Amino acid sequence: MTDTLSTPPRRLPTERTRPLDPPEELGRLREEEPVSPLLYPDGHVGWLVTSHAAARKVLSDQRFSARGDLKKVPFELPSGGRPWETVPPGFFMHMDPPDHTKYRRLLTGQFTVRRMKALEPRIAQVTEEHLDAMERQGPPADLVPSFALPIPSLVICELLGVPYSERPRFQDHSTTVMRIGSSHEEVAAAFGAIYGLIHELVQLKHKEPADDLLSGLIASGELSDAELTGVGMLLLMAGHETTASMLSLGTYALLRHPGELARLREDPELFGNAVEELMRYLTIAQFGVPRTALEDVELEGRLIKAGDGVTVSLAAVNRDPGRFEDADRLDVGRSTSGHMAFSYGIHQCLGQQLARVEMRIAYAALFRRFPGLRLAVDADEVPLRSEATMYAAQRLPVTW
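Rules used in this analysis
Residue positions are given per chain, counted from 1 along the sequence in the order it is written. A pLDDT threshold of at least 70 governs which residues receive local features in this predicted model, and a stricter bar of 80 or more applies before side-chain atom pairs are shown or counted, although totals over entire chains, interfaces and linings include all residues. Working from all heavy atoms in the structure, the side-chain values ignore hydrogens and water. Here a strand is any run of E in DSSP of at least two residues, a helix any run of H or I of at least four, and the numbering for each starts at the N terminus. In this description, contact between two residues means that some pair of their heavy atoms is separated by no more than 4.5 Å. By the criterion applied in these results, polar contacts are pairs of N or O atoms within 3.5 Å in which, for protein atoms, one can donate a hydrogen and the other can accept it, and in which residues neighboring in sequence qualify only through two side-chain atoms. Any Lys or Arg side-chain nitrogen found within 4 Å of a carboxyl oxygen on Asp or Glu counts as a salt bridge. Buried means the residue's accessible area, taken with a 1.4 Å probe over protein chains only, is under 20% of the maximum for its type, while exposed means over 50%, and partly exposed covers the values in between. Each pair of aromatic rings taken from Phe, Tyr and Trp, with Trp reduced to its six-membered ring, is defined by centres within 6.5 Å and is described as stacked if the planes are under 30 degrees apart, edge-to-face if over 60, and tilted in the remaining cases.

Colleague: Which parts of the structure should I look at to understand the environment of T229?
Modeller: Residue position: T229 is located in helix α10 (residues 225–256). Placed 31 residues apart in sequence, T229 and I198 show a C-alpha to C-alpha distance of 5.7 Å. Those residues in contact with T229 that lie beyond four places of it in its chain are Y195, I198, H199 and V202. Here the side chain of T229 touches D225 through a polar contact of 2.8 Å, landing on its backbone oxygen.

Colleague: Which parts of the structure should I look at to understand the pattern of salt bridges?
Modeller: Working definition: two side chains of opposite charge can pair if their charged atoms are close together. For the structure shown, the criterion picks out 32 salt bridges. When the shortest N-O distance is used, the salt bridge between R67 and D69 registers 2.7 Å. For K205, the salt bridge identified is with D212, shortest N-O distance 2.8 Å. D212 shares its class with K205; the two are buried. Within the structure, one salt-bridge network assembled from shared partners comprises R18, D21, E24, R319 and D328.

Colleague: When you look at the packing of aromatic side chains in this model, what are you seeing that I'm missing?
Modeller: Any aromatic ring pair is given by two values, namely how distant the centres are and how the planes are angled relative to each other. Applying the stated criterion across every chain yields a total of 3 aromatic pairs. An angle of 40° between the planes, with centres 5.3 Å apart, marks the rings of F75 and F287 as tilted. Here F75 is found in the loop between β3 (64–65) and α3 (99–108), whereas its partner F287 is found in the loop between α12 (271–282) and β5 (289–293), with 212 residues between them in sequence. The exposure class assigned to F75 is partly exposed, which follows from its relative accessible area of 24%. For F287, a relative accessible area of 9% puts it in the buried group. Aromatic side chains F92 and Y103 sit 6.2 Å apart centroid to centroid with 20° between the ring planes, which places their arrangement in the stacked category. Residue F92 is located in the loop between β3 and α3, and its partner Y103 is located in helix α3; the two are separated by 11 residues in the primary sequence.

Below you can see the structure in the form of C-alpha cells.
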C-alpha cells in the first residue's frame, strides 16, 4: 500500500473524440492506474476510480459516504462551492444509513412489481399518443421535445399521483430545468415552482388519498410533509431527467448503428436486452458518482485517507474489457450482467425497474411505428449535451 502519488493529479477527463464513447483518457487510466489522483475544482486532491472491480468495492463499502454535506464533485458548479451545504428533508440519495435506510425501506415498499406492472398500459398509451402527434405533424421532427422529454415526465406524474390538470405545468417546469439554454434564474424559478406544486400535492393527498406513491407514503405515517415534498421532488427530477436522456441518446445510438437496429426490427423480443446494453454502452452519468472516505481505506494498493473525495467513473467502469468482452462495441444481444448504469450498492437506483419498462416500451413503439426512421441531419451534426451531468442529445432531428 502506498500514499505516494506516482503521477501528478489531473482534472477529470471530459474531452470526447467520438460522440458515443467516453473520453479516451479514462480508458488509458483504467488500464494503467485504475485508482488515480484526481484534482477537484476547489484544489482538493482526491481519487478517480475507473475499473469495474474497484468501483464495486467503493460503492458497496459504507466507509465511503454519500452524504451531501461531505461531497466533492469533479466539475465546476454554477454557483461555486459545494453541491449540498445542507441536505433538504427527503433527499435520501445524499444520506448515509440510518437516515438513508429509513427512506429506502419506505420507498421500496412503493416501487412494487404490482405497481410497475399496472403502469405498463399507461406507459404504452402515453407513448402512442406522442407518436400519433408526431405522425400527424409529419416529418421532420425533433425527437427530444416530441418523444424523449414528455413520456418520462408524464409517467412519473402518473406514479406520484399528479392530477391531470397539473401535468402540463409539471412538464413545462421540468423541461425548463433540463433545457441546456435555461438561465440559472430560470432553473431556480422552475425548481421552486416544482417544489411548491409537490407541496400542494401532498396536502391534496392528505385529503384525497389514492392508489399512488405519495398517498402510500402518507399512509405510512412516518414522514413529515417537508420530507414527503423532498422525496417527491427528488423522484420527479431523477425519474424524469435520466430516462429522458436515455431515450434521446439511445435512439441516436441505434440510428448510428443500423446493423444493431436491424437485429431489433427482426426480433423485437431483444428490446429488453437492448435497453441494458444501451445503458451500459452509453452510461449517461458522464461525470461519475461522488463519495467521501470516512476513514483511511486501502483500495487497489492506494491509501485513501479520511476526508478524501472519490469519484467513480461509471462510464469507464461500464467499458471495462476485464468485465465486458469487446466492451467498446454496441451489441444488443450481449449479456450485460454486472453493468453499473444504475450505480451499485445501497444507493443503486430505486426506480430502475420503472426506467427499464419505460425504455423497452418507448423504443419498441418508436421503431415499430416509424420503420423508416432516420436522422434528418448528418450524424455528427446532432448537438449533444456534453456540459450537462446527464449526457444526452440536445436536439435529435429525424425524418421517416
